[in-house]
Amino acid sequence: NAPSPFIDPDELRAQFCTALSEMYRSEVPLYGDLVSLVDEVNSEVMDSSPELWEVGDRVRVERHGAIRLGTSSELQTVTRLFRLMGMFPVGYYDLSSSGVPVHATAFRPLSADALSKHPFRIFTSLLRPDLIPDLPLREEVIEILDRREIFHPAVLTILDRAERQDGQLSKEDGKMLVEFGLETFKWHERALVTRETYVRMKRFHPLLADIAGFKGPHINHLTPRVLDIDKVQEMMAERGIPPKDIIEGPPNRSCPILLRQTSFQALTEPILFACASPGETSPGSHRARFGEIESRGCALTKKGHELYQSLMRSAGQPTVDNVKWQSHLSSVFTPSAFPDTWSEIRHSKLAYFTYSLSSSSSSSSSTSASSSTPASHSDETIEELIHQGVVEYTPIVYEDFLPASAAGIFQSNLGNDEHHEQSILSKSDARKEAEARERLERCVGGKIWDYFQLYDKIERDSLEEVRRLTGCKLV
Ligand code: OOG
Ligand code: NI
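What counts and how
- Residues numbered from 1 in each chain as written.
- Chains lettered and ligands numbered in written order.
- Predicted model: local features only at pLDDT ≥ 70, side-chain atom pairs only at ≥ 80, totals over all residues.
- Heavy atoms only, no water.
- Buried < 20%, exposed > 50% of the residue type's maximum accessible area, 1.4 Å probe, protein only.
- Helix = DSSP H or I, 4+ residues; strand = E, 2+ residues; numbered from the N terminus.
- Contact = heavy atoms within 4.5 Å.
- Domains from an automatic or database assignment.
- Buried area = accessible area lost by both parts, 1.4 Å probe.
- Salt bridge = Lys/Arg side-chain N within 4 Å of Asp/Glu carboxyl O.
- Polar contact = N/O pair within 3.5 Å; in protein donor to acceptor, adjacent residues only side chain to side chain.
- Near = heavy atom within 4 Å.
- Areas by Shrake-Rupley, 256 points an atom, 1.4 Å probe, with all protein chains shown as cover.
- 1 Å grid on protein atoms, 1.4 Å probe; cavity = no way out; pocket = protein on both sides within 12 Å on 5 of 7 lines; lining within 4 Å.
- Sits in = over half its atoms within 2 Å of the grid points.
- Nonpolar A, V, L, I, M, F, W, Y, C, P; charged D, E, K, R; others polar.
- Donors = N, O, S within 2.8 Å, 3.2 Å for Na, K, Ca; no water.
- Pairing = 2+ DSSP bridges.
- Axes fitted to C-alpha atoms, helices over the stretch in contact; angles between N-to-C directions.
- Expected span 1.5 Å × (residues − 1).
- Arc of directions from axis to C-beta.
- Points joined across faces, edges and corners; volume = space filled by probe spheres on them.

### Observations concerning the pairing of strand β10 (residues 291-296)
Next up, step 1: Counted residue by residue, β10 has six buried out of six residues, so it is predominantly covered.
Next up, step 2: Here β10 shows two buried faces, one formed by G291, I293 and S295 and the other by E292, E294 and R296.

### What about the side chain of E74?
Next up, step 1: Assignment of secondary structure puts E74 in helix α4 (residues 72-84).
Next up, step 2: Using a relative accessible area of 4% as the deciding quantity, one classes E74 as buried.
Next up, step 3: Not counting the four nearest positions on each side in its chain, E74 is found in contact with L69, L145, R148, I150 and F151.

### A look at the domain arrangement of the protein chain
Next up, step 1: Structurally, the protein chain comprises domain 1 (9-297 + 399-444), domain 2 (300-349) and domain 3 (353-395 + 451-475).
Next up, step 2: The partner domain 2 presents 20 residues to the 17 residues of domain 1 that form the contact.
Next up, step 3: In total, domain 1 and domain 2 occlude about 1500 Å² of area from one another, counting both sides; carbon and sulfur atoms represent 64% of this.
Next up, step 4: Remark: the boundary between domain 1 and domain 2 carries one salt bridge.
Next up, step 5: The partner of R253 in a salt bridge is D340, and the shortest N-O contact between them spans 3.3 Å.
Next up, step 6: Where domain 1 touches domain 2, the interface holds eight residue pairs in polar contact (both at pLDDT 80 or more).

### So, the site of ligand 1
Next up, step 1: All residues adjacent to ligand 1 are H64, A66, R68, F123, N220, H221, Q261, E292, F401, A406 and F410.
Next up, step 2: Within the side chain of H64, one N or O atom sits 3.0 Å away from an oxygen atom of ligand 1.
Next up, step 3: Within the side chain of H221, one N or O atom sits 2.9 Å away from an oxygen atom of ligand 1.
Next up, step 4: Coverage of ligand 1 by the protein chains reaches 100% of its 320 Å² of free accessible surface.
Next up, step 5: At a threshold of 2 Å from the grid points, most atoms of ligand 1 map onto the largest cavity.
Next up, step 6: Residue assignment for the shell around ligand 1 shows that the elements contributing at least two residues are β1 (63-69) and α17 (403-412).
Next up, step 7: When residues in the shell around ligand 1 are grouped by element, the largest group, three residues, is from β1.
Next up, step 8: Residues of the shell around ligand 1, tallied by class, amount to five nonpolar, four polar and two charged.

### Focus on the coordination of the nickel ion (ligand 2)
Next up, step 1: Coordination sphere of the nickel ion (ligand 2), protein contribution only: H64 (NE2), H221 (NE2) and E292 (OE), at 2.1 Å.
Next up, step 2: In primary sequence terms, the donor set of the nickel ion (ligand 2) follows H-x156-H-x70-E. Of this pair, H64 sits in strand β1 while H221 sits in strand β6 (residues 221-224), placing them 157 residues apart in sequence.
Next up, step 3: The exposure class of H221 is buried, given its relative accessible area of 6%.

### Quick notes on the sheet that holds strand β4 (residues 121-127)
Next up, step 1: One open sheet accounts for five strands, arranged β2-β3-β4-β1-β6; its pairing is mixed. With one partner strand each, in any of the chains shown, β2 (88-94) and β6 form the two edges of the open sheet. Along the sheet, successive strands turn relative to each other by an average axial angle of 20°, direction set aside.
Next up, step 2: Bridge count for strand β3 (residues 102-108) against β4 is six bridges, and the pairing is antiparallel. Among the inter-strand pairings, V102 is bridged to a residue of β4, identified as L127.

### A short note on helix α6 (residues 135-147)
Next up, step 1: When the terminal C-alpha atoms of α6 are compared, their 18 Å separation across 13 residues agrees well with the 18 Å that a helix rising 1.5 Å per residue should span.
Next up, step 2: By the burial criterion, the buried members of α6 are L137, V141, I144 and L145. The arc that holds every buried residue of α6, seen down its axis, measures 95°, which confines them to one face. Facing away from the buried side of α6 by over 90 degrees, the exposed positions are P136, D146 and R147.
Next up, step 3: Of the surrounding elements, those touching the buried residues of α6 are α4, β4, β5 (190-194), α9 (195-204) and α10 (206-212).

### A short note on the sheet that holds strand β9 (residues 281-287)
Next up, step 1: On the basis of which strands lie adjacent, the open sheet formed by three strands has the order β5-β8-β9 and mixed pairing. Taken across any chain shown, the strands that pair with only one partner, and hence form the sheet edges, are β5 and β9. Here the strands of the sheet are splayed against their neighbours by 45° on average, with no regard to which way each runs.
Next up, step 2: Sheet analysis places β5 next to strand β8 (residues 268-274), joined by two bridges and oriented parallel. Of the residues in β8, the one forming a bridge with T194 is A274.
Next up, step 3: In the packing of α9 onto the sheet, the strands contacted are β5, β8 and β9, and the crossing angle to β5 comes to about 85°.

### Focus on the layout of surface pockets
Left-over empty space is what a probe sized like a water molecule reveals as it rolls over the atoms.
Next up, step 1: Within this model, the largest pocket holds a volume of roughly 780 Å³.
Next up, step 2: As for the largest pocket, its lining consists of 25 residues, of which E248, Q317, P318, A404 and G408 are closest to the centre.
Next up, step 3: Going through the elements one at a time, α12 (302-315) and α17 are the ones with two or more residues in the lining of the largest pocket.
Next up, step 4: Per-element accounting of the lining of the largest pocket gives the leading share, six residues, to α17.
Next up, step 5: Residues of the lining of the largest pocket, tallied by class, amount to ten nonpolar, eleven polar and four charged.
Next up, step 6: Each of domain 1 (9-297 + 399-444) and domain 2 (300-349) contributes no fewer than three residues to the lining of the largest pocket.
Next up, step 7: Empty space within the second largest pocket amounts to approximately 400 Å³.
Next up, step 8: The wall of the second largest pocket is formed by 17 residues, among which R58, T354, P395, I396 and V397 lie closest to the centre.
Next up, step 9: Contributing elements (two or more residues each) for the lining of the second largest pocket: α5 (112-117), β12 (391-395) and α20 (451-470).
Next up, step 10: No other element matches α5, which puts three residues into the lining of the second largest pocket.
Next up, step 11: Here the residues of the lining of the second largest pocket are counted per class, giving nine nonpolar, four polar and four charged.

So, in structure tokens, the structure goes:
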């Protein structure tokens with residue numbers, strides 16, 4: 001029974017997330033301030049409401065990050081890198097409809113077990129050069145991106161080696177992968193392009209300058225999970241961390257749903273442009289990196305998502321005053337419009353849940369005669385066992401993103417005050433969109449996981465387990 005010489009992907013993901021967080025904290029001190037504030041508020045909430053369903057060990061380490069890639073080949077390699085860390089592409093996010101020239105997926109763990117160990121995720125966007133209408137600019141961007149190499153050679157060597165070993169990675173290689181993998185996501189003060197090129201790219205869209213203007217896909221934000229986002233939004237300003245105007249997503253509720261997010265505005269950072277004569281630089285500035293926080297509620301079924309979206313549509317466009325916007329949202333998301341008890345939410349099939357033997361019934365089972373053996377409940381349905389308190393249910397946390405919120409986050413951090421050539425973006429037709437999705441799918445190995453199916457599987461597996469333990473009927 002010798003200890004495994006290989007590193008566990010869940011462990012590697014945890015190490016990578018910690019290293020990335022440390023790097024970003026040193027690069028963007030305001031992110032460190034935000035994390036301290038979040039830790040304070042989370043500790044208070046956990047102390048005062050230990051019964052909160054969404055509180056668990058994972059909350060302390062929970063993060064998501066975001067990167068923006070330039071080419072298919074970059075995305076292919078990133079897919080291989082994240083796979084070794086137990087992160088797989090889930091969900092397709094088309095941002096072109098919101099005037100942002102990228103599409104995206106999120107790399108994250110798939111199973112309930114891996115998620116509970118460390119739920120790190122990376123929202124990964126890929127530039128769509130086909131949406132740049134200015135053909136000479138498009139060609140130039142493609143050429144610039146094809147010339148850059150965003151990975152340290154050691155990363156490529158380790159990826160090859162691991163794949164020859166069926167994805168197994170020695171502890172030594174794991175350590176190097178974290179160290180050299182980080183290089184890809186660090187900040188480069190020196191731009192890859194001249195001021196003139198940068199300005200032309202930015203005129204089409206600031207995101208283009210951020211993606212193609214630099215040596216690599218610097219991590220642009222890292223987001224801790226907070227248990228009281230309304231409180232942190234208020235406290236940010238007091239702590240000198242200027243917040244974005246409004247909190248994206250649904251309002252505060254007794255039964256939180258999906259995802260609520262807010263951020264601090266992107267920093268204006270000094271950079272150095274390349275010049276015509278090699279070695280010379282010229283000073284400038286760039287806005288891209290920011291900090292974000294989020295609070296996660298339960299995962300909704302398709303039916304629940306549709307209801308959420310229709311209520312958001314009827315709420316209309318956000319005002320700039322967050323307090324007013326939140327109270328307006330609450331007046332739209334009334335308990336009769338969207339139920340606000342877990343029991344009603346479950347009965348209306350709006351969200352996903354896991355089922356288990358309740359702690360009282362499983363602790364008594366070893367001693368009492370009425371222990372839950374497969375035969376003991378074979379005449380009963382699961383609903384009856386829930387009613388008797390033998391079985392309990394817990395909402396499943398939403399692990400994914402919301403396209404409309406993502407678009408809001410992109411825009412609020414790219415200088416939405418400026419005019420961009422967005423008209424072309426809305427002209428793309430359905431066939432073009434389907435082709436774009438297929439292109440992205442091919443880059444990530446042929447399959448993008450459907451998050452509804454993943455939640456559904458977690459729910460069904462838990463039901464099967466309850467049936468195995470009690471013998472109850474599932475209908
Ligand atoms: C990604 C924006 C999406 C979120 O939390 O919705 C995102 C980006 O700005 O690159 O991270
Ligand atoms: Ni984000």
